[in-house]
Amino acid sequence: MNASLGRECAGVRDDLSEFALGILAGRDRSRVLDHVATCPSCRGELESLAALADSLVELAPSAEAPVGFESRLLERYHSQHRHRQRPKVRLLALTGAALLLVASGFALGGLSSRRPDSPSSAAPLSANLTSQGRNVGQFWVSSETPAWIYMSLDDANWSGTAWCRVTLRGGRILDVGAFSVNHGYGAWAARLDVARTALASAQVTDGSGRVLASVSLST
Amino acid sequence: MSDEALLAGVALGDDDAVLKFVRRYQRRLFGLALGIVGDAGCAEDVAQEAFLRILRHASVYDVRRGPVSSWALTITRNLAIDALRLRRSVPTAPGDVVFANLTSRGTGPADIIESADPAAPVWSALARLPLDQRRCVVLAAIYGHTAVEISIMESIPLGTAKSRLRLGMARLRDTLVRESS
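Please read these numbers as outputs of a predicted model, since none were measured by experiment. (Residues numbered from 1 in each chain as written. Chains lettered and ligands numbered in written order. Predicted model: local features only at pLDDT ≥ 70, side-chain atom pairs only at ≥ 80, totals over all residues. Heavy atoms only, no water.)

1. Let's talk about the overall build of chain B
Here comes step 1: Each helix and strand in chain B was counted, giving 10 helices and 0 strands.
Here comes step 2: Taken from N to C terminus, the helices and strands of chain B fall in the order α-α-α-α-α-α-α-α-α-α.
Here comes step 3: Residues classed as buried in chain B amount to 53% of the 181 residues present.
Here comes step 4: Taking the contacts inside chain B whose residues are at least 6 apart along the sequence as the reference set, 63% of them involve residues at least 24 apart.
Here comes step 5: With the model as given, the accessible surface of chain B reaches about 7800 Å², and the carbon-plus-sulfur share is 53%. (Helix = DSSP H or I, 4+ residues; strand = E, 2+ residues; numbered from the N terminus. Buried < 20%, exposed > 50% of the residue type's maximum accessible area, 1.4 Å probe, protein only. Contact = heavy atoms within 4.5 Å. Areas by Shrake-Rupley, 256 points an atom, 1.4 Å probe, with all protein chains shown as cover.)

What follows is the structure in structure tokens.
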């Protein structure tokens, strides 16, 4: 029986590289899929070859895109996005982004590691970050508990480290962390240990405490 | 800002993040598409479609499956290969300088040590493959050619094309594993 299994593995392994590279077609592809579903050894081999295939595509050459590429693309994107964008879609997007950030270690250390509760049907809250009455960025808060915040700042030509601090309704202040601002632009995300409804306001400051932007989240 | 954070902004509908993502990746996605389909008009169609899919599905990107760049490039590669299959019935080997560079690029130790390119170890390992295996791996991994197509392009039996691919991939993987440990 082992000999039979060995022959099957040997036959499949001949095709694993082509499978991992996405160039194996039809019946051979099905045969590999069927086999790796029940053979941990060949599945492990396939996973290592698939990781290599992903690395190899990174070697692809770059080239200057044609003039107008960016504007044509953004026009198509915004045209499609306007039709698609609904509150529920945005909520799902935020949930995915939050998972992405957890997995990438983007969240701040020291915060709660408990799983988010099931999302409610509410859409993420979006508000403008302002400075002296001007809109200088956007601030989003997810509807999950714990809540996620994401902000983008685009103002002036300042570069340096900015600090984010949120004030809760009871007056408690949370220093959420720091992020880089380059020539006035910076974007950042983090998970909080509180529900969205607990947030009252947020501030972005430079290292000296000067307020670069703020947002009131009173509803 | 990291690619992952940028993609989080895209998923949340931040237009600035979308613009930055497009600017960061347009040369790579267009370059890959052009390398595969060989025609600027078709390459733009492919790269645009790839961007639209990436932006639309930013929320489902799973960082555990690899870096954003690999995800974005693989989407582009697959779309380009689909487009190529529709247009060509006879495979032709890429004859451009890019292919020549991929298959003959030198990788002295100093180049690798000084390079900030995260793909430098892969370059180095690829450069140490025997040339016949290197050509097969590049034709398959980057240009998406099947073993049958490679056998025609390289004028070799199908079995030889398949074994060069298999040996080349195994050797590359083993080299990278050995050097990362």
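2. Describing unusual backbone geometry
Only a minority of non-glycine residues have a phi that is not negative, and only a minority of peptide bonds are not trans.
Here comes step 1: Not every positive phi belongs to a glycine, and A:Gln132 is a case in point at roughly 50°.
Here comes step 2: Its place among the elements puts A:Gln132 in the loop between β1 (125-131) and β2 (134-141).
Here comes step 3: Residue A:Gln132 is classed as exposed on the basis of its relative accessible area, which comes to 78%.
Here comes step 4: In this structure, B:Ser155 is a non-glycine residue whose phi angle is positive, near 55°.
Here comes step 5: As for its placement among the helices and strands, B:Ser155 is situated in the loop between α9 (147-153) and α10 (158-180).

3. What to know about helix α8 (residues 131-141) of chain B
Within an α-helix, residues lying three or four positions from one another point in the same direction, as the helix has 3.6 residues per turn.
Here comes step 1: Burial of α8(B) is extensive: 8 of the 11 residues sit out of reach of the surface.
Here comes step 2: Three or more residues of α8(B) are buried, namely B:Gln133, B:Arg134, B:Cys136, B:Val137, B:Val138, B:Leu139, B:Ala140 and B:Ala141.

4. Brief notes about the environment of A:Gly133
Here comes step 1: One can find A:Gly133 in the loop between β1 and β2.
Here comes step 2: A sequence separation of 81 residues divides A:Gly133 from A:Ser214, and the C-alpha atoms of the two residues are 10.0 Å apart.

5. Structural notes on the interface of chain B and chain A
Here comes step 1: Across the boundary between the two partners, chain B contributes 68 residues, which contact 53 residues of chain A.
Here comes step 2: Three residues, B:Leu12, B:Met169 and B:Arg173, lead the burial of chain B against chain A; their summed loss comes to 13% of the area buried on that side.
Here comes step 3: Counting across the interface, chain B meets chain A through 9 salt bridges.
Here comes step 4: Across the pair B:Arg27 and A:Glu64 runs a salt bridge whose closest N-O atoms are separated by 3.1 Å.
Here comes step 5: Counting every contact that joins chain B to chain A gives 18 residue pairs in polar contact (both at pLDDT 80 or more).
Here comes step 6: Elements that contribute at least two residues to the side of chain B that touches chain A include exactly α1 (3-11), α2 (15-37), α3 (40-56), α4 (68-87), α5 (97-104), α7 (120-127), α8 and α10 of chain B.
Here comes step 7: For the side of chain B that touches chain A, a count of residues per class yields 38 nonpolar, 13 polar and 17 charged. (Buried area = accessible area lost by both parts, 1.4 Å probe. Salt bridge = Lys/Arg side-chain N within 4 Å of Asp/Glu carboxyl O. Polar contact = N/O pair within 3.5 Å; in protein donor to acceptor, adjacent residues only side chain to side chain. Nonpolar A, V, L, I, M, F, W, Y, C, P; charged D, E, K, R; others polar.)

6. Things to note about the side chain of B:Gln26
Here comes step 1: With respect to the helices, strands and loops of the structure, B:Gln26 is situated in helix α2.
Here comes step 2: In this structure the side chain of B:Gln26 is engaged in a polar contact, spanning 3.2 Å, whose partner is the side chain of A:Glu70.
Here comes step 3: Residue contacts for B:Gln26: discarding those within four places in its chain leaves A:Ala63, A:Ala65, A:Phe69, A:Glu70, B:Gly31 and B:Phe51.

7. Focus: the nonpolar core
Nonpolar side chains tend to gather and get buried jointly when the protein is soluble and globular.
Here comes step 1: Counting 90 residues, the largest nonpolar core has A:Leu56, B:Phe21, B:Val137 and B:Leu165 as the members making the most contacts within it.
Here comes step 2: It is α2(B) that provides the largest number of residues to this core, a total of 11 residues.
Here comes step 3: A:Phe139, A:Leu174, A:Phe179 and A:Leu199 belong to the second-largest nonpolar core, a separate cluster that totals 28 residues. (Core = buried A, V, L, I, M, F, W, Y, C linked by side-chain atoms within 4.5 Å.)

8. Quick notes on the packing of α1(B) against α2(B)
Residues and elements named next belong to chain B.
Here comes step 1: Following both chains from N to C, one finds α1 and α2 inclined at 135°, their axes separated by 8 Å at the closest point. Between α1 and α2, the interaxial angle falls into the category oblique. For the pair α1 and α2, the sense of crossing is left-handed. On α2, the residues that touch Asp-3, Leu-6, Leu-7, Gly-9 and Val-10 of α1 are Ala-17, Val-18, Lys-20, Phe-21, Arg-24 and Tyr-25. (Axes fitted to C-alpha atoms, helices over the stretch in contact; angles between N-to-C directions. Parallel < 35°, antiparallel > 145°, perpendicular 65-115°, else oblique. Left-handed = near helix turned anticlockwise from the far one by under 90°.)

9. Re a nonpolar patch on the surface
Here comes step 1: On the surface, a nonpolar cluster with roughly 250 Å² of combined accessible area is contributed by B:Val148, B:Ile152 and B:Leu158.
Here comes step 2: Tracing the sequence through the fold places B:Leu158 in helix α10. (Patch = residues over 30% accessible without salt bridge, like charges linked within 9 Å, V, L, I, M, F, W, Y side chains within 5 Å.)

10. A short note on the packing of aromatic side chains
Here comes step 1: For the structure shown, the criterion picks out 4 aromatic pairs over all chains.
Here comes step 2: Taken together through their ring pairs, the aromatic side chains of A:Phe69, B:Phe21, B:Tyr25, B:Phe30 and B:Phe51 make up a single cluster. (Phe/Tyr/Trp six-rings, centres within 6.5 Å; stacked < 30°, edge-to-face > 60°.)

11. Considerations on the pairing of strand β5 (residues 173-181) of chain A
Here comes step 1: Both strand β4 (residues 160-168) of chain A and β5(A) contribute to a ladder of 8 bridges, which runs antiparallel. Bridging across to β5(A), A:Ala162 finds its partner in A:Phe179. (Pairing = 2+ DSSP bridges.)

12. Examining the side chain of A:Asp206
Residues and elements named next belong to chain A.
Here comes step 1: The topology assignment puts Asp-206 in the loop between β7 (199-205) and β8 (211-216).
Here comes step 2: For Asp-206, a relative accessible area of 9% gives the class buried.
Here comes step 3: Once you skip the residues sitting within four places of it in the chain, Asp-206 turns out to touch Trp-158, Thr-161, Trp-163 and Leu-212.

13. Side note on the pattern of salt bridges
Here comes step 1: What the rule picks out here adds up to 20 salt bridges over all chains.
Here comes step 2: Note that A:Asp28 and A:Arg31 form a salt bridge whose closest N and O atoms lie 3.6 Å from each other. One end of the pair, A:Asp28, and the other, A:Arg31, are both in helix α2 (residues 26-36), 3 residues apart, so they sit about a helical turn from each other.
Here comes step 3: Assessed through its relative accessible area of 34%, A:Arg31 is described here as partly exposed.
Here comes step 4: The closest approach of N and O atoms between A:Glu58 and B:Arg28, which form a salt bridge, is 2.8 Å. On the criterion of chain membership, the pair formed by A:Glu58 in the loop between α3 (40-57) and α4 (69-84) and B:Arg28 in helix α2 is interchain, its members lying in two chains.
Here comes step 5: Looking at A:Glu58, the relative accessible area reads 17%, which means it is buried.
Here comes step 6: When salt bridges with common partners are traced through the structure, they connect A:Asp15, A:Glu18, A:Asp28, A:Arg31 and B:Lys162 into a single cluster.

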